[in-house]
Amino acid sequence: EDEITLFERDMKEFWIQFKISYSTEQINQTSALRDLCKETIEALSEKWSKKLKEEDLMIDKIQEYNNEILQQSKYVAEKEEQLREIKLKLNEEEEQQQNLTDSIQELKEELMKKMEIKSSKNEAAKEKVERVSKIKTLFKERLGLEMRRIHDEQLQFIFRHIDHKDPDKPYMFTLSINEQGDYEVTSCTPPLDCIAELQLKLRETNNFSAFVANIRKAFTALSYK
């Protein structure tokens, strides 16, 4: 009985010691595992914290690039608008230059036409003056007519032998050629009421001899009044 009691006591002590030993080992293992987990978590935290910081830096960098791209795009858009305005202005200036060139050409052509017309009128006027001059002698001999060239290319016609009371009394009129190339009586002494009618008939018929003869007849009729 003593041996059994002793065995039981020894077994009891063994289990007590075993439990104590196992508990201590478990505690040590748990503590070591806890420390390992803590170190792992700290390492991971540091790693992820660094990674997050790098990602934040990358995000900032991307945002900076985006802002720079936006600024560049805005700059390019402004330059394109300026270029478009310059092209538009150049086109307008080219159009104005072309219009100016066309206007100058039209003015040149118009001036040439006017010069041709003026030359033609001058030539016609010259021919008329020459024709009048050729019959000067004839009129002087037959009609007692004297013709003189006075200022501004005018011709003065002086009739005598009209007034039977005073054969030397002059009856005169002045004739010129106007800008239209037509005959025009600029003065008449003494004045004749029919001078405008005779001038119109001369322009219509271009019969200068008849015109001078009709004026002489009108002066003659006036002398008897």
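For the structure, check the block above.
In this report, we go over the structure that sits alongside the text. (Residues numbered from 1 in each chain as written. Predicted model: local features only at pLDDT ≥ 70, side-chain atom pairs only at ≥ 80, totals over all residues. Heavy atoms only, no water.)

Some words on the state of the cysteines
In protein chemistry, a disulfide is the covalent bond that joins the sulfur atoms of two cysteines. Summed over all chains, the structure comprises zero disulfides. With no disulfide partner, Cys 188 has as its closest neighbouring cysteine sulfur the one in Cys 194, 8.0 Å distant. Take Cys 194: its relative accessible area is 26%, and that puts it in the partly exposed class. (Disulfide = S-S within 2.5 Å. Buried < 20%, exposed > 50% of the residue type's maximum accessible area, 1.4 Å probe, protein only.)

Observations concerning the pattern of salt bridges
Applying the stated criterion to the full structure yields three salt bridges. Note that Glu 146 and Arg 148 form a salt bridge whose closest N and O atoms lie 3.1 Å from each other. For Glu 146, a relative accessible area of 25% corresponds to the partly exposed category. With a closest N to O distance of 3.2 Å, Glu 153 and Arg 149 form a salt bridge. (Salt bridge = Lys/Arg side-chain N within 4 Å of Asp/Glu carboxyl O.)

Observations concerning the sheet that holds strand β4 (residues 183–189)
Sheet architecture is open: four strands sit in the order β1-β2-β3-β4, paired in antiparallel fashion. Two strands lie at the open edges of the sheet, namely β1 (145–150) and β4, each paired on one side alone. In this sheet, adjacent strand axes meet at a mean angle of 20° when their direction is disregarded. Judged from the six bridges that link them, β1 and strand β2 (residues 154–159) form a sheet pairing that is antiparallel. (Pairing = 2+ DSSP bridges. Helix = DSSP H or I, 4+ residues; strand = E, 2+ residues; numbered from the N terminus. Axes fitted to C-alpha atoms, helices over the stretch in contact; angles between N-to-C directions.)

As for the side chain of Gln 199
Mapped onto the elements, Gln 199 comes out in helix α3 (residues 195–205). Residue classification places Gln 199 among the buried positions, given a relative accessible area of 15%. Not counting the four nearest positions on each side in its chain, Gln 199 is found in contact with Tyr 183, Glu 184, Val 185 and Phe 211. (Contact = heavy atoms within 4.5 Å.)

Remarks on helix α4 (residues 208–223)
For α4, with 16 residues, the first-to-last C-alpha span of 23 Å sits near the 22 Å given by 1.5 Å per residue. Those residues of α4 not exposed but buried are Phe 208, Phe 211, Val 212, Ile 215, Arg 216, Ala 218, Phe 219 and Ser 223. The buried residues of α4 occupy an angular sector of 160° when the element is viewed end-on, so they sit on one face. (Expected span 1.5 Å × (residues − 1). Arc of directions from axis to C-beta.)

As for the nonpolar core
Counting 22 residues, the largest nonpolar core has Phe 157, Phe 159, Phe 173, Phe 211, Ile 215 and Phe 219 as the members making the most contacts within it. Residue assignment for this core shows that the elements contributing at least two residues are β1, β2, β3 (171–177), β4, α3 and α4. Ranked by residue count, the leading element in this core is α4, at six residues. In contact with Ile 215, other than residues within four places in its own chain, are Phe 159, Phe 173, Leu 192, Ile 195 and Leu 198. (Core = buried A, V, L, I, M, F, W, Y, C linked by side-chain atoms within 4.5 Å.)

Observations regarding a nonpolar patch on the surface
Together, Phe 7, Met 11, Phe 14, Trp 15 and Phe 18 make up an exposed nonpolar region whose accessible area comes to about 540 Å². Take Met 11: it is sitting in helix α1 (residues 2–134). Since its relative accessible area comes to 33%, Met 11 is described here as partly exposed. (Patch = residues over 30% accessible without salt bridge, like charges linked within 9 Å, V, L, I, M, F, W, Y side chains within 5 Å. Areas by Shrake-Rupley, 256 points an atom, 1.4 Å probe, with all protein chains shown as cover.)

What to know about unusual backbone geometry
When glycine is set aside, most residues are seen to have a negative phi, and most peptide bonds are trans. Of note, the amide linkage connecting Thr 189 to Pro 190 takes the cis form, showing an omega dihedral of -10°. Tracing the chain through its elements places Pro 190 in the loop between β4 and α3. Of note in this structure, His 161 is not a glycine but carries a positive phi near 60°. Within the secondary structure layout, His 161 lies in the loop between β2 and β3. Taking relative accessible area as the criterion, His 161 reaches 51% and is therefore assigned exposed.

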